[in-house]
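Each chain, letter by letter, is given below.
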Amino acid sequence: MGRRGCCTPRPSPTKVPLALVALDRIATGELGAACPVVVEPATSSVGSTGLAAFRHPATVAVGDLLLMMLAVSDNAAADALFTLVPADELDARLRAWGCGGIRLRHRMNRMYECTAGAAGNDFSLALELAIRDDHSGRHTIETLDPAHAHVGTAAGLVDLLQRVWRDEIAHPDASAELHRLMGRQVFTQRLASELRADTLRVSGRTGTFLHLRHEVGVVESEAGDRVAMAALTRSDRRANLAPDIDLAIGTGARPAFEALRR
């Protein structure tokens, strides 16, 4: 498996270690996959997919919250899981597993609360602040500050995936279910964009927040090759959509896979 390095706040890719800890608790009997959880729109996280887009209360099993969180990056599902497995407990479990370079510190909605506190509902202003702060070194939006944000180095995230795929961390049933759920990801415009083939399987978790666009995942071939990757990017453009950056991630992933599989 291969790796590359980089370090800054990581939004949705940190849903992978959250899922792993929750799945480990399910596998060891500390948490029930069928346990029902009520998600209230008035108190759930902001987001455009899954339960985060719901307008009415919904009752969802823990196992299906995990599916929604990983398949469609559902922030409301993630925050419901954070309620069951608080950030400090998650962080402690990751430390116990020796997962350096990854820190989980808050619910997903904290990112949007801090953004609204700095820029109100002005998305363009929030982007401008994020880009400006990258250059100045100060952080108007607290959850873009590595001292307060969810963070993960590329090496740390790749190492986590490597250990999961090799059954070197957590309960084997938890690892197997994480494989399955990451393979259900709906958004495939990044790592998988240049790796579409019947002989390849891409299991990933993409994430976007303001000027950050990331994806972590594992590419597997029928021949048995397995390559873990982390593509972590930030933009200097005030753009909500950046298909060229998505394309660059996919364009880089293909030769990386071909080089590292050998």
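The rules we used
- Residues numbered from 1 in each chain as written.
- Predicted model: local features only at pLDDT ≥ 70, side-chain atom pairs only at ≥ 80, totals over all residues.
- Heavy atoms only, no water.
- Helix = DSSP H or I, 4+ residues; strand = E, 2+ residues; numbered from the N terminus.
- Rg over C-alpha atoms; globule rule 2.2 N^0.38 Å.
- Buried < 20%, exposed > 50% of the residue type's maximum accessible area, 1.4 Å probe, protein only.
- Contact = heavy atoms within 4.5 Å.
- Areas by Shrake-Rupley, 256 points an atom, 1.4 Å probe, with all protein chains shown as cover.
- Core = buried A, V, L, I, M, F, W, Y, C linked by side-chain atoms within 4.5 Å.
- Phe/Tyr/Trp six-rings, centres within 6.5 Å; stacked < 30°, edge-to-face > 60°.
- Pairing = 2+ DSSP bridges.
- Axes fitted to C-alpha atoms, helices over the stretch in contact; angles between N-to-C directions.
- Polar contact = N/O pair within 3.5 Å; in protein donor to acceptor, adjacent residues only side chain to side chain.
- Expected span 1.5 Å × (residues − 1).
- Nonpolar A, V, L, I, M, F, W, Y, C, P; charged D, E, K, R; others polar.
- Salt bridge = Lys/Arg side-chain N within 4 Å of Asp/Glu carboxyl O.
- Parallel < 35°, antiparallel > 145°, perpendicular 65-115°, else oblique.
- Left-handed = near helix turned anticlockwise from the far one by under 90°.

Draft legend 1. Structural detail: the overall build of the chain. Regarding its fold elements, the chain presents nine helices and eight strands. For 262 residues, the compact-globule estimate of 2.2 N^0.38 gives 18 Å, and the C-alpha radius of gyration of the chain, at 18 Å, lies within 12% of that figure. Taking the principal axes of its C-alpha atoms as reference, the chain extends roughly 50 × 40 × 35 Å. With 262 residues in all, the chain has 52% of them scored as buried. For the chain, restricting intrachain contacts to residue pairs at least 6 apart in sequence, the fraction spanning at least 24 positions comes to 68%. Roughly 11300 Å² of accessible area belongs to the chain as shown, and the carbon and sulfur atoms make up 51% of that amount.

Draft legend 2. Local environment of the nonpolar core. Core analysis: the biggest nonpolar cluster contains 63 residues, and L65, L66, M69 and L178 have the highest contact counts within it. The contact partners of L66, leaving out residues within four places of it in the chain, are A19, A22, L23, I26, L81 and L181. If you look at the next biggest cluster of nonpolar residues, it comprises 12 residues, including V219, V227, A231 and I249.

Draft legend 3. Structural context of the packing of aromatic side chains. Enumeration over the complete set of coordinates arrives at one aromatic pair. Each ring, one from Y112 and one from F209, has its centre 5.5 Å from the other, and the planes form 85°; the classification is edge-to-face. Pair noted here: Y112 is in helix α5 (residues 109-119) and F209 is in strand β6 (residues 200-209), with a separation of 97 residues, a long-range link. Owing to a relative accessible area of 25%, Y112 belongs among the partly exposed residues under this scheme. The exposure class assigned to F209 is buried, which follows from its relative accessible area of 4%.

Draft legend 4. Just the sheet that holds β6, in detail. Pairing within the open sheet is antiparallel, and its three strands lie in the order β6-β7-β8. In this open sheet, the two strands that pair with only one neighbour each are β6 and β8 (226-234). Shown here is a sheet whose adjacent strand axes are inclined to one another by a mean of 10°, direction ignored. Both strand β7 (residues 212-221) and β8 contribute to a ladder of nine bridges, which runs antiparallel. If you follow L212 over to β8, its bridge partner there is R234. Most of the contacts of helix α9 (residues 243-260) go to β8, to which it runs at about 150°, and overall it touches β6, β7 and β8.

Draft legend 5. Broad picture of the side chain of D74. Following the sequence through the fold, D74 ends up in the loop between α2 (62-72) and α3 (75-84). For D74, the side chain forms a polar contact with the main-chain nitrogen of A77, separated by 3.2 Å. Contacts of D74, omitting those with residues within four sequence positions, involve K15, T49, G50, L51, A52, M68 and M69.

Draft legend 6. The arrangement of helix α7 (residues 154-165) in detail. Taking 1.5 Å of rise per residue, the 12 residues of α7 would be expected to cover 16 Å, and the 17 Å separating its terminal C-alpha atoms lies within 8% of that figure. When you tally the buried positions in α7, you get 10 out of 12 residues, the bulk of the element. For α7, every residue scored as buried is listed here: A154, G156, L157, V158, L160, L161, Q162, R163, V164 and W165. One or two residues past the end of α7 sits D167, with phi positive at roughly 55°.

Draft legend 7. Up close: the packing of α7 against helix α8 (residues 172-182). Taken N-terminus to C-terminus, the directions of α7 and α8 make an angle of 115°; their axes are 9 Å apart at the nearest point. Residue-level inspection shows L161, V164 and W165 of α7 in contact with α8, the latter providing S175, L178, H179 and M182. Of the residues belonging to the contact of α7 with α8, the class tally is five nonpolar, two polar and no charged.

Draft legend 8. A look at unusual backbone geometry. The phi angle at S73 is positive, at roughly 55°, despite the residue not being glycine. Backbone geometry places L210, a non-glycine residue, at a positive phi of 55°. Relative to the assigned elements, L210 resides in the loop between β6 and β7.

Draft legend 9. Up close: the pattern of salt bridges. Inspection of every chain in the model, using the stated rule, returns 18 salt bridges. Note that E30 is salt-bridged to R25, the shortest N-O span being 3.9 Å. Linking R107 and D79 is a salt bridge whose minimum nitrogen-to-oxygen distance equals 3.8 Å. Taken together, the residues R107 in the loop between β4 (102-103) and α5 and D79 in helix α3 connect sequence positions 28 residues apart.

Draft legend 10. Focus on the packing of helix α1 (residues 15-27) against α8. Orientation of α1 relative to α8, taken along the N-to-C sense of each, is 135°, at an axis distance of 8 Å. Judged by the inter-axis angle, α1 sits oblique to α8. Here the hand of the crossing between α1 and α8 comes out right-handed. Only D173, A174, E177, L178, L181 and M182 of α8 make contact with α1, whose side of the interface consists of V16, A19, L20, L23, D24 and A27. Taken together, the residues of the contact of α1 with α8 break down into nine nonpolar, no polar and three charged.

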